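Inside the fold
Each chain, written out:
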Amino acid sequence: MSDGEHSYYEFWKETVSRVRETLPEQEYNTWFNRLSYLRSEERKVVLSGASQFILDTVISRYRDLLVNTLSELTGEEIVVEFEVAARPSPAAQESHTEAASQAKRTQIKQSITAQKSAKMRSESNLNASYEFTNFVIGDNSAFAYNASLAIAKNPGVSYNPCLIYGGVGLGKTHLLSSIGNHILENTPELKVMYVTAEMFTNEFIESIGTQKTQHFKNKFRKVDVLLIDDIHFLQGKDSTQEELFHTFNNLYDSKKQMVFTCDRPISELKNITDRLSSRFERGLNVDLQPPNYETRMAILKNKLSLRGASMSEEILNYIATNVVTNVRDLESSLTKLVAYSELLNQEVSFDKAKELLGVLPAHAAHASQTLSIDTIIKVVGQYFNVSSFEIKGKKKNKSIVQPRQIAMYLARDITDFSTTEIGTEFGGRDHTTVMHSYDRVESLMKGDEAFTNTVLKLKRDLTTIKD
Ligand code: ADP
Ligand code: MG
């Protein structure tokens with residue numbers, strides 16, 4: 001035996017006892033009584049069987065099971081090899097059994113548990129720093145927070161599936177990850193998986209290229225909790241949608257928990273099949289709104305204390321009053337000031353803070369002056385998956401014309417620029433084109449509720465203002 005420090009013998013015994021639980025006794029006795037542990041090498045377990053026939057059967061029926069169980073237990077990718085033995089039950093087994101002291105067994109058991117939970121964590125893709133305990137609750141988020149906590153405490157039971165939607169930087173990823181982290185901590189036997197819709201898409205595409213779609217399907221269908229972030233990314237990705245549709249049905253039927261996030265209500269998604277969007281809308285849909293002044297202050301104070309830093313009320317008030325867009329912007333304003341103060345090892349004065357923060361993100365009072373037409377074109381374009389270049393260009397496909405008209409409408413509605421100035425920014429168009437687009441959007445809004453919601457959402461995004 002060349003076992004040395006790579007002995008997987010205890011793992012092998014655990015594997016066998018698991019297999020025994022899952023197989024009918026007769027079947028187990030037939031094959032596994034004629035199979036023995038021979039030795040271990042690095043990431044390899046060598047087994048011996050009484051005859052080639054036995055080995056061939058074991059290989060074809062159980063090799064995957066053995067490899068998977070051993071790999072799961074050890075947290076490593078284990079290869080299993082087979083050799084025909086002159087006689088079954090080699091001495092190796094006996095001497096090992098005797099040698100393994102009780103202490104060693106306990107130690108190995110503990111290490112199996114620790115390795116297993118480390119493995120579960122790394123396979124979950126979760127960012128461990130997003131937790132319920134560091135999420136500040138406000139009127140804007142209380143409902144979403146409570147729903148998420150209820151799900152984490154009882155996955156698959158109360159709200160399945162659940163959709164959390166809201167604009168950028170409002171805490172969707174934070175809540176989604178908190179659900180996963182809570183489950184990993186409290187119900188470690190459940191397999192949790194976090195992916196962004198983009199990761200899901202890329203893996204799916206890759207699995208097609210490498211002809212491993214079955215592997216991909218199995219991977220997502222064997223989880224207990226599936227968390228998919230930013231599903232708006234799936235717009236227009238037909239075959240990925242199809243794949244997710246089947247994954248959804250599979251998990252839903254076996255009562256596995258699913259939670260999704262999206263940057264807008266499902267009804268505002270474009271190029272998503274009806275059957276998939278109806279699945280997303282099933283269960284519970286909760287939204288996250290921008291925080292109000294009090295919540296912004298609470299978030300700033302919370303982030304400060306987490307960093308063990310301090311800052312005057314006057315400065316905090318200044319940030320909370322001016323940074324109204326979302327939590328991410330609040331956080332980055334604070335980071336800037338804290339970094340400055342730590343680097344120079346001195347308190348930041350109010351004037352210095354104002355100077356450092358410079359031009360703050362869009363604010364109510366200034367929105368009309370500071371919002372550029374280019375920003376409007378960019379934001380509208382991102383929403384519809386159309387580039388600024390296309391919006392300013394001459395193409396007349398409906399998928400470009402409508403975003404172009406909406407962007408012109410919003411530019412005229414929100415800013416103080418003249419229609420001539422707007423026309424110029426839109427690739428040198430005449431001011432009458434801008435006026436025509438404005439009228440067109442206005443009349444469409446009278447008859448089409450979904451369209452109206454889209455325009456209003458974009459307007460809200462561009463001028464996101466609370467208080
Ligand atoms: P989204 O996924 O909606 O774009 P994130 O979840 O990434 O937003 O949040 C952006 C940043 O703001 C993260 O650092 C997150 O921890 C923080 N954050 C968001 N909401 C809260 C909250 N209510 N309390 C504390 N931190 C928050
Ligand atoms: Mg996010």
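In what follows, the structure referred to is the one given above.
Keep in mind that what you see is a predicted model, and the values were worked out from it rather than measured.

**Here we look at the site of ligand 1**
The environment of ligand 1 is formed by 16 residues, the closest being V136, G169, H174, K303 and E331. Within the side chain of H174, an N or O atom sits 2.7 Å from an oxygen atom of ligand 1. Within the side chain of K303, an N or O atom sits 2.7 Å from a nitrogen atom of ligand 1. Within the residue set of the shell around ligand 1, elements represented by two or more residues are helix 7 (172-186) and helix 14 (327-344). Looking at side-chain class alone, the shell around ligand 1 contains 6 nonpolar, 6 polar and 4 charged residues.

**What about the pairing of strand 4 (residues 162-165)?**
Here strand 4 shows a buried face lined by C162 and I164 and a second buried face lined by L163 and Y165. By the bridge criterion, 4 bridges tie strand 4 to strand 8 (residues 284-287) in an arrangement that is parallel. Paired with I164 across the bridge in strand 8 is V286.

**With respect to the sheet that holds strand 3 (residues 79-84)**
A sheet is described by the order of its strands in space; here 3 strands give the open sequence 1-2-3, paired in mixed fashion. Of all the strands in the sheet, just strand 1 (35-41) and strand 3 have a single pairing partner and so form its edges. Within the sheet, the average angular offset between the axes of one strand and its neighbour, ignoring direction, is 30°. Pairing analysis gives 6 bridges linking strand 1 to strand 2 (residues 44-49), with the strands arranged antiparallel. Its bridge partner lying in strand 2, Y37 is registered against L47. Set on the sheet, helix 3 (residues 52-74) makes contact with strand 1, strand 2 and strand 3; between it and strand 3 the angle comes to about 160°.

**Looking at the layout of surface pockets**
A volume near 1,000 Å³ is recorded for the second largest pocket. As for the second largest pocket, its lining consists of 25 residues, and the residues nearest its centre are E72, K119, E123, K191 and K222. For the lining of the second largest pocket, the secondary structure elements donating two or more residues are helix 3, helix 5 (102-124) and helix 9 (213-221). When residues of the lining of the second largest pocket are assigned to their parent elements, the largest contribution, 6 residues, is made by helix 3.

**Here we look at the environment of T433**
With respect to the element layout, T433 can be found in helix 21 (residues 431-447). T433 sits 14 residues away from T419 along the chain, and the two C-alpha atoms are 8.8 Å apart.

**With respect to the side chain of N140**
With respect to the secondary-structure elements, N140 resides in the loop between helix 5 and helix 6 (142-153). For N140, a relative accessible area of 14% corresponds to the buried category. Only 3.0 Å separates the side chain of N140 from the backbone oxygen of Q289, close enough to count as a polar contact. Each residue touching N140, except ones within four places of it in the same chain, is listed here: D287, L288, Q289, P290, P291 and T295.

**Examining the pattern of salt bridges**
The full count for this structure, using the stated rule, is 21 salt bridges. The partner of D374 in a salt bridge is K392, and the shortest N-O contact between them spans 2.9 Å. Within this pair, whereas D374 is found in helix 17 (residues 373-384), its partner K392 is found in helix 18 (residues 388-392), the two being separated by 18 residues in sequence. Shared partners join several salt bridges into a network, and the residues in it are R39, E41, K44, E81 and E83.

**Concerning the side chain of N134**
When you line up the elements, N134 lands in the loop between helix 5 and helix 6. A polar contact is formed between the side chain of N134 and the backbone nitrogen of E131, at a distance of 3.1 Å.

**Describing helix 14**
The terminal C-alpha atoms of helix 14, which comprises 18 residues, lie 26 Å apart, in line with the 26 Å expected from a rise of 1.5 Å per residue. Residues V327, L330, S333, L334, L337, V338 and S341 constitute the buried set of helix 14. In a view along the axis of helix 14, the buried residues occupy a sector of 135°, so they form one face of it. Of the exposed residues in helix 14, those oriented more than 90 degrees away from the buried face are R328 and L343. On the buried face of helix 14, the contacting elements are helix 12 (293-307), helix 13 (313-322) and helix 15 (350-357). The N-cap residue of helix 14 is N326: its side-chain oxygen and the backbone nitrogen of R328 are 2.9 Å apart. Of the residues trailing helix 14, N345 is marked for its positive phi of about 55°.

**Re the sheet that holds strand 4**
Taken in spatial order, the 5 strands make up an open sheet running 5-6-7-4-8, and their pairing is parallel. The outermost strands of the open sheet, each flanked by one partner alone, are strand 5 (192-196) and strand 8. Strand-to-strand twist of the sheet, defined as the mean angle between neighbouring strand axes without regard to direction, takes the value 15°. Bridge analysis of strand 5 against strand 6 (residues 225-229) gives 5 bridges, and the strand direction is parallel. Residue pairing across strands places Y194 opposite L227, the latter belonging to strand 6. The strands that helix 8 (residues 197-209) touches are strand 5 and strand 6; relative to strand 5, the one it contacts most, it runs at about 90°.

**Considerations on the state of the cysteines**
Summed over the entire model, instances satisfying the criterion amount to 0 disulfides. The thiol of C162 is unpaired, and the distance to the nearest cysteine sulfur, on C262, comes to 12 Å. Assessed through its relative accessible area of 0%, C162 is described here as buried. Take C262: its relative accessible area is 0%, and that puts it in the buried class.

**Describing the packing of helix 2 (residues 25-32) against helix 3**
Across the interface, helix 2 lies against helix 3 with an axial gap of 10 Å and an inter-helix angle of 120°. Regarding the angle of helix 2 to helix 3, the classification is oblique. In contact with E27, W31 and F32 of helix 2, helix 3 contributes F53, I54, T57, V58, R61, Y62 and L66. The residue inventory of the contact of helix 2 with helix 3, partitioned by class, reads 7 nonpolar, 1 polar and 2 charged.

Rules used in this analysis
- Residues numbered from 1 in each chain as written.
- Chains lettered and ligands numbered in written order.
- Predicted model: local features only at pLDDT ≥ 70, side-chain atom pairs only at ≥ 80, totals over all residues.
- Heavy atoms only, no water.
- Near = heavy atom within 4 Å.
- Polar contact = N/O pair within 3.5 Å; in protein donor to acceptor, adjacent residues only side chain to side chain.
- Helix = DSSP H or I, 4+ residues; strand = E, 2+ residues; numbered from the N terminus.
- Nonpolar A, V, L, I, M, F, W, Y, C, P; charged D, E, K, R; others polar.
- Buried < 20%, exposed > 50% of the residue type's maximum accessible area, 1.4 Å probe, protein only.
- Pairing = 2+ DSSP bridges.
- Axes fitted to C-alpha atoms, helices over the stretch in contact; angles between N-to-C directions.
- Contact = heavy atoms within 4.5 Å.
- 1 Å grid on protein atoms, 1.4 Å probe; cavity = no way out; pocket = protein on both sides within 12 Å on 5 of 7 lines; lining within 4 Å.
- Points joined across faces, edges and corners; volume = space filled by probe spheres on them.
- Salt bridge = Lys/Arg side-chain N within 4 Å of Asp/Glu carboxyl O.
- Expected span 1.5 Å × (residues − 1).
- Arc of directions from axis to C-beta.
- Disulfide = S-S within 2.5 Å.
- Parallel < 35°, antiparallel > 145°, perpendicular 65-115°, else oblique.

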